[in-house]
Amino acid sequence: FVRRLPEFKFWYQAAQAVVVAIMLTCSRMFDLPVFWPILLAYFILLFFMTMKNQIQHMMKHNYVPISLGKKTYGDSTKLNVNEKSNK
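Just so we're clear, the structure is a prediction, and the values are computed from it rather than from any experiment.

Asker: Honestly, the overall build of the protein chain in this entry has me stumped. Any pointers?
Answerer: Each helix and strand counted, the protein chain has 2 helices and 0 strands in total. Taking all 87 residues of the protein chain together, the buried fraction comes to 0%. Summed over its atoms, the accessible surface of the protein chain is roughly 9,500 Å², and 66% of this surface lies on carbon and sulfur atoms.

Here it is, written out as structure tokens:
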């Protein structure tokens with residue numbers, strides 16, 4: 001097992017990205033006005049596109065992301081709530 005990205009290199013690049021992001025946040029040149037409905041629409045679009053890909057990947061590998069109850073195997077394994085346990 002050989003990693004494509006070593007852990008140290010990952011953390012180093014993550015720290016660099018945080019430092020650059022803080023520097024750009026403090027700069028007046030990058031203080032751009034943003035119309036919030038467009039930003040919200042962009043976020044929703046990215047979210048649904050990503051989730052569509054994730055769900056397609058799960059279904060490709062026979063993983064069902066939503067479970068609608070416990071799987072039963074015939075009538076003998078179903079629990080009958082109406083029966084009294086102490087007769």
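Asker: Explain helix 2 (residues 36-60) to me, please; I cannot follow it from the model alone.
Answerer: Residue pairs spaced three or four apart in an α-helix point in one direction, given the helix's 3.6 residues per turn. Counted at 1.5 Å a residue, the expected span for helix 2 with its 25 residues is 36 Å, and the 36 Å between its end C-alpha atoms agrees. Positioned one or two residues after helix 2, Asn62 has a phi angle of 60 degrees, which is positive.

Asker: Mind showing me how you'd approach the packing of aromatic side chains here?
Answerer: Each aromatic ring pair is characterised by the separation of its centres together with the angle its planes make. In the structure shown here, the tally under the stated rule is 3 aromatic pairs. Between Phe8 and Tyr12 the ring centres are 6.3 Å apart and the planes differ by 20 degrees, which places this aromatic pair in the stacked class. With Phe8 and Tyr12 both in helix 1 (residues 7-26) and 4 residues apart, this pair spans about one turn of that helix. Given a relative accessible area of 47%, Tyr12 falls into the partly exposed group. With 5.4 Å between their ring centres and 80 degrees between their planes, Phe47 and Phe48 make a pair best called edge-to-face. Exposure remark for Phe48: the relative accessible area of 54% places this residue in the exposed category.

Calculation rules
- Residue numbers restart at each chain and count upward from 1, following the sequence in its written direction.
- Local features in this predicted model are restricted to residues whose pLDDT is 70 or higher, and side-chain atom pairs enter the listing and the counts only when it is 80 or higher, whereas totals over whole chains, interfaces and linings include all residues.
- Remark: hydrogens and water are excluded; side-chain values derive from all non-hydrogen atoms of the structure.
- Numbering of helices and strands starts at the N terminus; helices are DSSP runs of H or I of at least 4 residues and strands are runs of E of at least 2.
- Three exposure classes are used, based on accessible area relative to the maximum for each residue type with a 1.4 Å probe and protein chains only: buried under 20%, partly exposed in between, and exposed over 50%.
- Residue-level accessible areas treat just the shown protein chains as cover; the underlying method is Shrake-Rupley with a 1.4 Å probe.
- In a helix, the anticipated span is given by 1.5 Å times the number of residues less one.
- Each Phe, Tyr or Trp ring, with Trp reduced to its six-membered ring, pairs with another whose centre is within 6.5 Å; inter-plane angles below 30 degrees give stacked pairs, above 60 give edge-to-face pairs, and intermediate values give tilted ones.

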